[in-house]
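Reading the structure
One-letter residues, chain by chain:
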Amino acid sequence: MATDTTLLISPSAMGRIDAEAARSGIDTYGLMEAAGAHVAACVLSRYPGIRRAVVVCGPGNNGGDGHVAARLLAQSGVTVLRIGMEPKPGGDAYRAHRACDLEFGQFADWQPEEGDVIVDALFGAGLDRPVEGVMAALIERAGQTELPVVAVDLPSGVSGRTGRPTGPCFEAAHTVTFAALKPGHLLMPGKALCGEVHVCDIGIPARLIVPDGPVWCNHDAIYRDQLPAGAASQHKYSRGHLVVFSGPLISGGAARLSATAGLRAGAGLVSLATPPGAVLSQAAHLTAIMQRSVADADALAGWLEDKRLSAFVLGPGFGDAERARTYCGLLAKTGRPVVLDADGLSAFAEVQTELADFFKGSTRLTITPHEGEFRRLFPDLADDDNLSKIDRALAAARRLNAFVVYKGPDTVIAAPDGRAAVNADAPSWLATAGSGDVLAGLAGSLLAQGMPGFEAGCAAVALHGGAARRCGPGMTAEDLAARITAAMSDFP
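Okay, so let's go over this structure. What you see is a predicted model, and the numbers here were worked out from it, not measured in a lab. (Residues numbered from 1 in each chain as written. Predicted model: local features only at pLDDT ≥ 70, side-chain atom pairs only at ≥ 80, totals over all residues. Heavy atoms only, no water.)

**Observations regarding the overall build of the protein chain**
In terms of regular secondary structure, the protein chain is built from 21 helices and 19 strands. Dimensions of the protein chain, computed from the C-alpha atoms along their principal axes, are close to 80 × 45 × 45 Å. Looking at the protein chain as a whole, 55% of its 492 residues are labelled buried. Expressed as a percentage of contacts within the protein chain between residues at least 6 apart in sequence, the contacts between residues at least 24 apart total 72%. Carbon and sulfur atoms provide 51% of the accessible area of the protein chain, an area that totals close to 19,400 Å². (Helix = DSSP H or I, 4+ residues; strand = E, 2+ residues; numbered from the N terminus. Buried < 20%, exposed > 50% of the residue type's maximum accessible area, 1.4 Å probe, protein only. Contact = heavy atoms within 4.5 Å. Areas by Shrake-Rupley, 256 points an atom, 1.4 Å probe, with all protein chains shown as cover.)

Okay, structure coming up:
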């Protein structure tokens with residue numbers, strides 16, 4: 001028996017798991033009883049002064065969980081209004097419905113009262129179509145009351161596959177789900193609509209909880225064994241030399257943020273590759289970070305003959321799209337890791353195939369787009385509403401043969417071999433100017449130190465969030481970069 005908060009189980013996979021549990025001889029009604037008990041326990045523990053539970057039951061197994069919860073809440077002394085759609089005879093949901101001797105009313109029977117707590121047991125994570133008719137009207141009426149909602153599995157009206165509302169949907173304060181997280185719990189806006197998520201063990205054996213593919217909630221077991229390890233024999237070059245490309249005089253701050261992050265994340269050396277006209281300006285801000293004046297492609301090509309240069313970050317504050325493409329082509333020929341961010345990504349918005357050609361046959365490219373940059377690079381993927389953010393990131397990774405760090409409050413890290421992770425714990429104050437530049441430097445530093453691309457992306461995103469939590473609200477990007485070393489002490 002288990003819950004797993006690291007796996008992400010798609011709704012289709014959860015349906016398969018439920019079916020396999022039944023075939024293996026597990027008492028499925030017993031699973032429903034356990035699920036309903038967890039829902040009732042959540043309501044009682046989070047709302048000890050509850051006046052009335054309004055349990056809204058759908059016609060399927062999610063409604064069955066609601067019938068169990070209604071019965072147990074009533075047995076605990078709570079006033080319960082049970083409303084919804086009666087299940088078809090013969091299944092577990094019908095048995096749970098009959099086992100509850102509370103009156104069963106229609107949706108229209110509910111008149112909101114102060115102190116109500118709504119238990120949303122209409123539909124689970126598997127619903128991928130709009131809620132309609134009287135059910136949609138009830139959801140909209142509930143939203144107008146601002147009464148607290150406890151959702152069973154996932155707020156009804158939110159897709160468990162994409163996290164996007166399919167129409168009217170509940171906004172829950174708490175969501176009680178079973179066995180494992182679903183993508184809709186972590187992908188926006190589902191993440192926000194779920195409130196606090198409780199993953200509960202209802203008795204499904206761990207051997208059955210198997211996802212469709214290698215998709216996880218980002219966690220340290222993904223990257224722990226690949227983190228750079230210190231050794232007594234190390235010297236600065238063995239810890240990696242990261243190169244960050246700076247833009248012209250007016251926009252050098254973004255590159256400095258990346259370089260500072262790279263140094264604090266453990267790279268032995270970090271150099272800014274700076275246009276001649278910006279060297280003196282950058283020098284006024286730098287101490288441990290070195291500089292190299294790079295005037296043009298010829299100068300860069302000569303420097304790249306130095307095999308001690310380990311990894312490159314190109315894009316933050318760079319500015320010149322044509323030069324970015326030229327430099328990227330030269331970097332790709334080295335066979336060493338390249339992180340493209342910001343202007344480095346925008347440079348390829350109209351010539352995406354050129355970027356793919358640069359890194360054909362190599363998995364040395366990492367891109368770190370936010371939503372707007374992703375849309376400019378992959379408009380067809382961004383406009384396809386049938387794709388989840390995970391689907392989009394994986395498709396982009398395959399298209400470019402690259403590692404993709406698709407940023408946001410639900411950052412997705414994807415690899416061209418089909419692995420993906422969704423980061424679930426980034427604090428909201430990471431939404432500040434320059435934080436993406438810091439992330440690019442973190443990823444570049446870990447790559448320079450020899451981490452594989454997917455693991456480096458996952459670790460960089462986790463470290464980024466850890467540093468932000470140490471800063472707290474009101475953080476600036478400079479604060480974030482300064483806290484990276486301290487945040488690394490939290491790593492396993």
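From this point, the narrative continues.
**A word on unusual backbone geometry**
A cis amide bond, omega 0 degrees, links M188 with the succeeding residue P189. With respect to the secondary-structure elements, P189 resides in the loop between helix 6 (183-186) and helix 7 (190-194). With a phi angle near 60 degrees, E146 is a residue other than glycine that sits in the positive phi range. Topologically, E146 is positioned in the loop between helix 5 (133-145) and strand 6 (149-152).

**A short note on the nonpolar core**
Among the nonpolar cores identified, the biggest contains 53 residues, and F245, L340, I367 and I390 are the most heavily contacted of them. No other element matches the seven residues that helix 17 (residues 389-400) contributes to this core. Other than its neighbours up to four places away in sequence, F245 contacts A255, A273, L300, F312, V313, L314, P316, F318, Y327 and L331. Ranked by size, the runner-up nonpolar core spans 50 residues in total, among them V438, A443, A467 and L480. (Core = buried A, V, L, I, M, F, W, Y, C linked by side-chain atoms within 4.5 Å.)

**Things to note about the packing of helix 18 (residues 435-448) against helix 19 (residues 453-471)**
For the pair helix 18 and helix 19, the least separation of the axes is 9 Å and the interaxial angle reads 135 degrees. On the basis of the axis angle, helix 18 is oblique to helix 19. Every pair of crossing elements has a handedness; the one defined by helix 18 and helix 19 is right-handed. Within the contact between the two elements, helix 18 uses S435, V438, L439, L442, A443, L446 and L447 and helix 19 uses G453, A456, A459, A460, V461, L463 and H464. Of the residues in the contact of helix 18 with helix 19, the class split is eleven nonpolar, three polar and no charged. (Axes fitted to C-alpha atoms, helices over the stretch in contact; angles between N-to-C directions. Parallel < 35°, antiparallel > 145°, perpendicular 65-115°, else oblique. Left-handed = near helix turned anticlockwise from the far one by under 90°. Nonpolar A, V, L, I, M, F, W, Y, C, P; charged D, E, K, R; others polar.)

**Re the pattern of salt bridges**
Note that side chains of opposite charge can pair when their charged atoms are close. Tallied over the entire structure, the rule returns 20 salt bridges. The partner of D212 in a salt bridge is R16, and the shortest N-O contact between them spans 3.5 Å. Here D212, found in the loop between strand 9 (196-200) and strand 10 (215-217), pairs with R16, found in helix 1 (residues 11-23); they are 196 residues apart in sequence, far enough to count as distant. The exposure class of D212 is exposed, given its relative accessible area of 52%. Residues joined in a network through salt bridges with shared partners are R16, E20 and D212. (Salt bridge = Lys/Arg side-chain N within 4 Å of Asp/Glu carboxyl O.)

**A closer look at helix 1**
The terminal C-alpha atoms of helix 1 lie 18 Å apart, and with 13 residues this matches the ideal 18 Å at 1.5 Å per residue to within 8%. All buried positions along helix 1 are accounted for by P11, A13, M14, I17 and A21. Buried residues along helix 1 cover an arc of 155 degrees about the axis, so they all sit on one side. Set apart from the buried face of helix 1 by more than 90 degrees, the exposed residues are S12 and R23. Packing partners of the buried residues in helix 1 comprise helix 2 (28-46) and strand 7 (174-178). The positive-phi residue at the C-terminal boundary of helix 1 is G25, with phi of around 100 degrees. (Expected span 1.5 Å × (residues − 1). Arc of directions from axis to C-beta.)

**What to know about the sheet that holds strand 3 (residues 79-84)**
Sheet strands line up and pair through hydrogen bonds in the backbone, either parallel or antiparallel. Strand order in the open sheet formed by seven strands is 4-3-2-5-6-7-9, and the pairing between neighbours is parallel. Every interior strand has two partners, whereas the edge strands, strand 4 (104-105) and strand 9, have only one. (Pairing = 2+ DSSP bridges.)

**Quick word on the pairing of strand 3**
Among the six residues that make up strand 3, five are buried, leaving the element largely enclosed by the rest of the structure. Pairing of strand 2 (residues 52-57) with strand 3, which is carried by six bridges, proceeds in the parallel orientation. In the sheet register, A53 faces strand 3, and the bridge partner there is V80. Assessed by its sense of winding, the connection that carries the chain from strand 2 through helix 3 (residues 61-75) to strand 3 is right-handed. Alignment of strand 3 against strand 4, held across two bridges, turns out to be parallel. (Right-handed = clockwise from strand over helix to strand, strands pointing away.)

**So, the side chain of T368**
Along the chain, T368 turns up in the loop between strand 16 (365-367) and helix 15 (371-377). Overall, T368 belongs to the buried group, its relative accessible area being 1%. Polar side-chain contacts of T368 include one of 2.8 Å to the side chain of D341. Ignoring anything within four residues of it in the chain, the contact list for T368 reads V339, L340, D341, L345, E373, V405, K407 and A440. (Polar contact = N/O pair within 3.5 Å; in protein donor to acceptor, adjacent residues only side chain to side chain.)

**Points about the environment of A267**
Mapped onto the elements, A267 comes out in the loop between helix 9 (252-264) and strand 12 (269-274). Relative accessible area serves as the criterion here: at 3%, A267 is assigned to the buried category. Separated by 25 residues in sequence, A267 and L242 have C-alpha atoms that sit 6.6 Å apart.

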